[in-house]
Structures are given as structure tokens and as C-alpha cells.
Amino acid sequence: MGDSAASNTTPLVNTARTSSHRRNSGSKPRDDVAYEDVTDSNFVYEFGGPVGAAAMIVGFPLLMAYQFLCVYDNGGHFLGPDSLADTLPWVERMGARYWEIAAPSWTGARIYLGFTLFMVGLAYVCPGPVMHGYKLPSLNGQRLVYQCNALWSWWIVTLTSLALHFTGVFRLTQIIDNLGPIMTIAMLWSFFLAGALYAVTAATGAKHRASGNVIYDFFMGVCLNPRLGSLDMKLFTELRIPWPVLFFISLSCALKQYEEIGYVTPESTFMVLAHWLYSNACNKGEECVITSWDIFYELESWYLLFWNLAGVPFSYCYSSIYLLKNGPMNFSVGWNVMCYVLLLTAYFFWDTGNSQRNRFRMYWNNTLIKRNAFPQLPKSFIDNAKFLQTRHGNKLLIDGWYAYVRKPHYTADLVMALTWGLITGFGSFFPYFYLTFFLIVLVHRVGRDDARCVRKYGADWDEYMRVVPWKFVPYIY
């Protein structure tokens, strides 16, 4: 690096962790770290501006309703009119059928809102480490405090649900039996929360990065740090609803399959494992999420609330539903083993990649703690990690998996998404919807990240891209 253009201003540095890499009792986050810019005066319309925002506010619920009918009611096959002249009658038939099997119901409301209320209650009472976020300019350099007890909540709700199922108090198969109404309630609930949050934020004059266009601001959000006492809404809605609900949908499908055919297939077991791994990882690493883009920068918005509360659990579950409706699949042992191995390998790199990145940030923020959450994986923390020191004050990790590509956790995430489709075979597109949608989202997000980092770091970012030139796959992309 001695001959690099930025070598005089962005030296390569090594850092050593403490022997226990645990924050000392009573220690506080460092005050000499750089502010994270959450004000960002460089406003540009994203997602097609107000027109694109309006299209997605209308389009995403319709897309979810359409895909639900295709997967839940039509064996995973596309639905369409018989002819051009049949378009309007087909739309009417689709609407009538959706209302017949997915209209809001008291049962759906009790299941979804009851689960949400239970998780909210656990968030207030469960034990867990108290963590500090980044210094925020919008709060005059103050740090928000987070009660990181998602892991306790996750295990309590899992064990409670299993107890209710096996005692017959609440059979988990009721989830798949009432999936349509539950999904509709979730969509309505996300609209209500987004509208209430927008109205309260506007009424109190606390808008952030607002465009002035009501539709666009409702879509993108105007509230940076919504809180109900000690409950951080962004952190709560990102971790404690979407992934546990997704897991319980897959578990419900597997239990329903057992009721119908007397056993659970390897493919359905795969989906339960896949969604358990994902949900467990999100909750066991809650303290790491505090340093993520979504928490410190993104506004709580319709698109975050809708996708976390409704989109993730009810459109990432198509593989599980497809296997229930079309199984048993009777794939070869070799195919299933390949899917399991690929899933577990990708999970290892995804879990450790996220841990390396976030625990590196936490170390330099003096908020790193050690937790014995299951599973503990090697390579989750890098000793003496190499980084680029920027003139902005931040450090860019160039060690571990991040020595090879800038977004290794995204690559592993995409491979896991691929396995969720492969385990169902190739009889339907819908098990691959998650992969398709996720790829589009990640490419867009990486573009947003790069544009913002170019503005933020300038020449230092050029040097970083020279040192780590690949985004997802070394020597390919």
C-alpha cells in the first residue's frame, strides 16, 4: 500500500482486541468516534419518486394477494384470464376468490395481533444486555439505548408455542389453515402503523429528510427513531415479527403435512430448519443489528413496516406452502443432501460475515460484548483486523471475508435464498420469488450504499474499492 495514491491519508492499520473481547462492567461507548450522518442533505428521489411510491403502495399488496392465490389455491401455477375480453371478469373472480379465502377474520386477527402483543410484552420484561447505538447528529450527539432481549423473547415464544400446540390449547396448524386472513390482517396492520406514525411525526414537527410530497414521504418515512418507552420500533419490527412469523408458518406447514400423510418430508424439514436458522440468527445477534444501515439511517416508513410485518413472512414462505400443497416430492437423497449442505455452508458464511462486520464496528465503538448464544461459530470475530482509516474518522474493514468482497454477507444470503427454491424442484416460479426479489433489492441497496459512501468518504472510498474491488463474488462481480 506504500505506492497507493491515498497511502498518505488512508494508512492500513492493525488493531488488537482485548483478551476477552468483552466490554468492561460500567464502561461507556467511546466519545471520540465520528458521527454517523443521518441528516444527509443530498436529497434525491428514489424508487421512481412519488409515482413509483404510489405504484408500490398499491402494487405490493395486490402482488401478494395474487401470489397467495397462485401458491395456496392453484398448486403454484400462474393464474390469468382466458382471453383479453376475459380480463375484467377474471379480475372480479380473483377478487371474489381472495375475499372468500383471505378476508380479514377474528381468528386471523387473534393469531397475528395476539402474537404481536405477546412479543411486545416480552420486549418490555425479558432480560438482556443494554447496548448503545451510534452518536446521532439529530440528537446532538446522543446515543440511543437498546434493550437487547430478542433472544430471550425468541426462545420463550418458541417454547410457549410448542407447549400450546402439544397440549391442544392452540394447534399451530391453525396458522396455515387461516393463512389468508392472517396475511390480510398483517397488511392492514402495517398500513395503520405507517399512517399513525406519519401523522404523529408530522403533528409534532419531528420530520427527517422529508420531500414535502405526502405520498412519497409516507412511503419513505419521516421518523428516524420511533420509540414507545424502551421499545425501539425499528429494531422490534425488523427482528421480532417477520422472521419468527415466517418460521411458524413453515412449522405449521410441516405439522399440517404430518397430520395429512403421517410424516414430515425431508424437503419440509429443510424449510423448517432454514427458517429457524434465519430467525434464530437475527435474534441471537440483535446487538449487532444496532450498527446496521436500517437502524441508524433508514427512516421508519411504509415500505419498511409493510415489508417487515407482512411482506417478509407472507411472501418468503412460498416454498413451505408449495411443498405442503404439492408434496411429497420424493426427490433423490443426493439432491436433498446437496440442498442441505449448500444451505448450511451459506449459513456459516452469512452468520460469520454479519458478525465480523458488526462486531468490528462494535469493538471500535467500545460496545462489543460476548454472548453464548447458540450456535457459536468460528470466524465470528477477527483478531487484529486490518482496516482502512478514513479522513471522515470511520474505519473500513478489509479483513476476514471482507478481504475478498465488499458484501460477502449478501452473497451468502442470496445462496441461502437459492436453496429455498432448489429444495422444491423446478415446478413453480414462486419458491424462487424470494431469490428474485432479494437480488433486485440487494443490487439497488448496494448502489445506494456506494453513492452515499462516495459522497461521505471521497478518495478514501476509491482506495477502498481498489483494495477490495469485488462486490459479491471475487473475480466475477
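Residues numbered from 1 in each chain as written. Predicted model: local features only at pLDDT ≥ 70, side-chain atom pairs only at ≥ 80, totals over all residues. Heavy atoms only, no water.

Per an unreviewed UniProt entry, the chain is named Delta(24(24(1)))-sterol reductase, and its organism is Coemansia reversa. Of the comments in the UniProt record for the chain, the one headed Pathway (unreviewed entry) reads "Steroid metabolism; ergosterol biosynthesis." The record held by UniProt for the chain lists under Sequence similarities (unreviewed entry) the comment "Belongs to the ERG4/ERG24 family." (UniProt positions renumbered as here; feature names shortened; annotations may be inferred.)

> Which parts of the structure should I look at to understand the overall build of the chain?
A count of helical and extended segments in the chain gives 18 helices and 7 strands. Here the chain has a C-alpha radius of gyration of 23 Å; the compact-globule value for 477 residues is 23 Å, and the two agree. In terms of its C-alpha atoms, the chain occupies a principal-axis envelope of roughly 65 × 55 × 45 Å. Evaluated residue by residue, the chain yields a buried proportion of 55% over its 477 residues. Within the chain, contacts between residues separated by at least 24 positions form 81% of all contacts whose residues are at least 6 apart in sequence. Of the accessible surface of the chain, which amounts to about 20600 Å², a share of 64% is contributed by carbon and sulfur atoms. (Helix = DSSP H or I, 4+ residues; strand = E, 2+ residues; numbered from the N terminus. Rg over C-alpha atoms; globule rule 2.2 N^0.38 Å. Buried < 20%, exposed > 50% of the residue type's maximum accessible area, 1.4 Å probe, protein only. Contact = heavy atoms within 4.5 Å. Areas by Shrake-Rupley, 256 points an atom, 1.4 Å probe, with all protein chains shown as cover.)

> Whenever I open this one, the pairing of strand β6 (residues 386-389) confuses me. Can you help?
Within a regular strand, side chains alternate between the sheet's two faces. Relative to strand β7 (residues 395-397), β6 is paired through 3 bridges, and the arrangement is antiparallel. Within the sheet, the bridge partner assigned to Phe387 lies in β7 and is Leu397. (Pairing = 2+ DSSP bridges.)

> Got a minute to help me understand the packing of helix α9 (residues 242-261) against helix α10 (residues 266-284) in this structure?
Taken N-terminus to C-terminus, the directions of α9 and α10 make an angle of 160 degrees; their axes are 9 Å apart at the nearest point. Regarding the angle of α9 to α10, the classification is roughly antiparallel. Considering how the two elements wind past one another, α9 and α10 form a crossing that is left-handed. From α9, Trp243, Pro244, Leu246, Phe247, Ser250, Leu251, Ala254 and Gln257 reach across to α10, where they touch Ser268, Met271, Val272, His275, Trp276, Tyr278, Ser279, Cys282 and Asn283. When its residues are assigned to classes, the contact of α9 with α10 shows 11 nonpolar, 6 polar and no charged. (Axes fitted to C-alpha atoms, helices over the stretch in contact; angles between N-to-C directions. Parallel < 35°, antiparallel > 145°, perpendicular 65-115°, else oblique. Left-handed = near helix turned anticlockwise from the far one by under 90°. Nonpolar A, V, L, I, M, F, W, Y, C, P; charged D, E, K, R; others polar.)

> I tried to follow the packing of helix α2 (residues 87-102) against helix α6 (residues 179-203) on my own but got confused; where do I start?
Angle between the axes and distance between the axes: these two values describe a pair of packed helices. It is the contact of α2 with α6, at a shortest axis distance of 7 Å, that shows an interaxial angle of 100 degrees. One element, α2, and the other, α6, form an angle in the roughly perpendicular class. Where α2 abuts α6, its residues Tyr98, Ile101 and Ala102 lie against Gly180, Pro181, Met183, Thr184 and Met187. When the residues that make up the contact of α2 with α6 are grouped by side-chain class, the tally is 6 nonpolar, 2 polar and no charged.

> What is the right way to look at the UniProt feature "transmembrane region" (unreviewed entry) in the chain in this model?
Within the UniProt annotation, "transmembrane region" (unreviewed entry) is assigned to residues 47-69, 111-131, 151-170, 182-204, 302-324, 331-350 and 417-442. End-to-end, the C-alpha atoms of residues 47-69 are 27 Å apart, and along that stretch the chain is 91% helix and 0% strand. Between the end C-alpha atoms of residues 302-324 there is a gap of 32 Å, over a span that is 91% helix and 0% strand.

> Explain the side chain of Ser252 here, please?
For Ser252, the position within the fold is in helix α9. The class of Ser252 is buried, set by a relative accessible area of 0%.

> Please explain the pairing of strand β3 (residues 142-147) as it appears in this structure.
As paired strands, strand β2 (residues 130-136) and β3 are joined by 5 bridges and run antiparallel to one another. The partner of Leu136 across the bridge, within β3, is Gln142. In sequence, β2 turns back onto β3 through a hairpin of 5 residues, with Asn140 there showing a positive phi of about 55 degrees.

> Quick question: what am I supposed to make of the environment of Thr436 here?
For Thr436, the position within the fold is in helix α17 (residues 433-457). The class of Thr436 is partly exposed, set by a relative accessible area of 34%. Placed 35 residues apart in sequence, Thr436 and Lys471 show a C-alpha to C-alpha distance of 18 Å.

> Please clarify how α10 should be interpreted in this entry.
An α-helical turn contains 3.6 residues, so any two residues separated by three or four positions project in the same direction. With 19 residues, α10 ought to run about 27 Å at 1.5 Å a step, and its terminal C-alpha atoms sit 26 Å apart, in line with that. The buried count for α10 comes to 16 of 19 residues, which makes it a mostly enclosed element. (Expected span 1.5 Å × (residues − 1).)

> Just checking my understanding: could you explain the environment of Ser250 for this structure?
Here Ser250 is to be found in helix α9. The exposure class assigned to Ser250 is buried, which follows from its relative accessible area of 2%. For the pair formed by Ser250 and Val51, sequence separation is 199 residues and the distance between their alpha carbons is 35 Å. Filtering out sequence-adjacent residues up to four positions away, Ser250 remains in contact with Met271, Val272, His275 and Ser320. Among the polar contacts listed, one links the side chain of Ser250 to the side chain of His275, at a separation of 2.5 Å. (Polar contact = N/O pair within 3.5 Å; in protein donor to acceptor, adjacent residues only side chain to side chain.)

> Sorry if this is basic, but what is going on with the nonpolar core here?
If you look at soluble globular proteins, the nonpolar side chains tend to sit buried side by side. Counting 127 residues, the largest nonpolar core has Leu179, Trp302, Phe314, Tyr316 and Trp420 as the members making the most contacts within it. In terms of residues, this core owes the most to one element, helix α1 (residues 49-73), which gives 12 residues. When residues are assigned to domains, this core turns out to be shared by domain 1 (104-330) and domain 2 (332-476), each giving three or more. Contact partners of Trp302, with chain neighbours within four places excluded, come to Met56, Ile57, Phe60, Phe191, Ala194, Phe218, Phe219 and Trp307. Grouped together as the second largest cluster of nonpolar side chains are 8 residues, Leu388, Leu396, Cys453 and Val468 included. (Core = buried A, V, L, I, M, F, W, Y, C linked by side-chain atoms within 4.5 Å. Domains from an automatic or database assignment.)

> Could you clarify how one ought to interpret the packing of aromatic side chains in this entry?
Each aromatic ring pair is specified by the distance between its two centres and by the angle formed by the two planes. In the structure shown here, the tally under the stated rule is 53 aromatic pairs. Above the plane of the ring of Tyr297 lies Arg209, whose end atom (NZ or CZ) is 4.0 Å from the centre. Looking at Lys325, its charged tip hangs above the ring of Tyr72, at a distance of 4.1 Å from the centre. (Phe/Tyr/Trp six-rings, centres within 6.5 Å; stacked < 30°, edge-to-face > 60°. Lys NZ or Arg CZ within 6 Å of the ring centre and 35° of its normal.)

> Got a minute to help me understand the confidence of the model for the chain in this structure?
Detailed reading of the predicted coordinates is not advisable wherever pLDDT is low. Of the residues in the chain, 91% reach a pLDDT of 70 or more, and the chain-wide mean stands at 90. Scored below 50 in pLDDT, residues 1-11 shows 21 contacts in the model against residues more than four places distant or in partner chains. In this model, residues 14-26 is a region of pLDDT below 50 whose contacts with residues beyond four sequence positions or in other chains number 31 contacts. (pLDDT = per-residue confidence, 0-100.)

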